[in-house]
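Summary of the model geometry
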Amino acid sequence: MRLVPYFAAVASAIFALLVSASPIESVKRQSTYVGYLISTFSDANPAVQLYLSNGNSPTSFSKLNRGNAVLTSSVGTRGVRDIFLASNSARTQFYMIATDLDINASGFSWDRATRQGSRGIVVWKSSNLVDWSGPTLATVEGATAGLDRIRYATTKDFATFSSPRDYVAPSGTPVIDQEFQYLGTSSHYARFIKNETVNQVYQEMTTGGLFGSWTRVPGYVVSGSPWEGPASFADNAAAGRYYLLLDNYSQYVPFQTSNINSPSWSAAGTSGFPSGLKHGCVTPVTQTEYNALLARYPR
């Protein structure tokens with residue numbers, strides 16, 4: 001399957017890093033996190049599905065809500081994908097955002113989607129990860145959004161947005177599916193981007209913030225292809241260890257490294273990792289949040 005440069009992926013990542021929890025504060029509070037939450041979807045069911053870690057394991061998860069979707073869209077195409085969960089610095093306001101796109105809709109065309117993209121994102125809001133607003137549709141891009149480049153806009157509330165601009169648009173190389181990873185020091189980040197020509201994901205590093213200069217790590221994060229839809233996260237317990245989920249066009253496969261600055265990404269354990277997960281994100285959760293999720297959406 002070929003994914004187009006959906007605007008949601010970029011908007012969510014940049015928003016989360018600019019106005020969600022302070023990265024430095026997040027590192028200081030790392031020990032307060034007791035688990036992980038995966039927000040995702042499936043091709044067969046284009047709705048928001050949640051998976052909660054079994055304890056503080058970064059690779060063992062169980063589906064919540066007794067296997068049912070937690071959030072469904074009644075706006076736009078009524079289907080969503082590329083799920084991302086962001087919060088404010090106090091973790092008192094959460095935004096679940098997703099690309100407004102249903103590939104199962106009658107008359108759907110990947111060619112048209114590639115050329116025109118998805119112009120809108122679907123947004124749900126919550127103060128506690130369990131009581132969610134109804135979905136709203138925000139149209140952000142113009143009629144020719146599908147350009148095989150990564151675009152961004154800024155927002156403080158996911159209701160009003162700046163005009164979108166190019167963020168990563170290398171000449172002659174179509175790129176999609178970007179992910180940021182904060183590295184524990186102010187302005188230090190890794191990012192992961194899919195090269196559509198070879199269907200592989202590469203890594204870049206910066207010490208100058210999101211709009212600073214980026215240096216590419218040689219080669220691609222793992223061998224083989226196809227890979228896309230990177231989702232990265234830090235280990236809650238082991239300082240310096242990071243995980244990267246890559247979609248092989250069928251499902252996510254987890255990888256890990258203990259040296260993200262000069263990484264050798266190796267396969268992570270999969271004995272407790274769910275099958276069929278698609279483009280999404282992984283969020284660390286506190287004990288209060290973990291308990292609330294289990295109480296509202298039992299396994």
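The coordinates are above.
This report concerns the structure included in the present document. (Residues numbered from 1 in each chain as written. Predicted model: local features only at pLDDT ≥ 70, side-chain atom pairs only at ≥ 80, totals over all residues. Heavy atoms only, no water.)

**Details of the pairing of strand 5 (residues 94–100)**
- Burial analysis of strand 5 places seven of its seven residues in the buried class, which makes it a mostly covered element.
- Note that strand 4 (residues 80–87) and strand 5 share six bridges and pair antiparallel. Residue pairing for strand 5: Leu85 is matched across the bridge by Met96.
- Where strand 4 folds back onto strand 5 in an antiparallel hairpin, the turn is made up of six residues, including Arg91, whose phi is positive at roughly 55 degrees.
- With six bridges connecting them, strand 5 and strand 6 (residues 120–126) associate as antiparallel partners. Within strand 6, the position partnered with Phe94 by the bridge is Ser126. (Buried < 20%, exposed > 50% of the residue type's maximum accessible area, 1.4 Å probe, protein only. Helix = DSSP H or I, 4+ residues; strand = E, 2+ residues; numbered from the N terminus. Pairing = 2+ DSSP bridges.)

**What to know about helix 4 (residues 287–296)**
- Within helix 4 the residues assigned to the buried category are Glu289, Tyr290 and Leu293. Taken end-on, helix 4 shows its buried residues confined to a sector of 100 degrees, consistent with a single buried face. Relative to its buried face, helix 4 has exposed residues pointing more than 90 degrees away, namely Thr288 and Ala295.
- Looking at the buried residues of helix 4, the elements they touch are strand 1 (33–40), strand 2 (49–53), strand 5 and strand 18 (281–286). (Arc of directions from axis to C-beta. Contact = heavy atoms within 4.5 Å.)

**A look at the packing of aromatic side chains**
- Applying the stated rule across the entire model yields 13 aromatic pairs.
- Where Tyr167 meets Phe180, the ring centres are 6.0 Å apart and the plane angle is 70 degrees; that geometry is what we call edge-to-face. Here Phe180 lies in strand 10 (residues 175–182) and Tyr167 lies in strand 9 (residues 165–168), a separation of 13 residues in the sequence.
- The class of Phe180 is buried, set by a relative accessible area of 8%.
- Consider the rings of Tyr167 and Phe211, whose centres lie 5.5 Å apart with planes at 85 degrees: the pair is edge-to-face. Placement of Tyr167 in strand 9 and of Phe211 in the loop between strand 12 (200–206) and strand 13 (215–216) is noted, with a sequence separation of 44 residues between them.
- Chaining the aromatic ring pairs together yields one cluster made of Tyr152, Tyr167, Phe180, Phe211 and Trp214.
- Over the face of the ring belonging to Trp214 we find Arg191, whose NZ or CZ atom lies 4.1 Å from the ring centre.
- Directly above the ring of Tyr202 sits Arg216, whose terminal nitrogen or CZ lies 4.2 Å from the centroid. (Phe/Tyr/Trp six-rings, centres within 6.5 Å; stacked < 30°, edge-to-face > 60°. Lys NZ or Arg CZ within 6 Å of the ring centre and 35° of its normal.)

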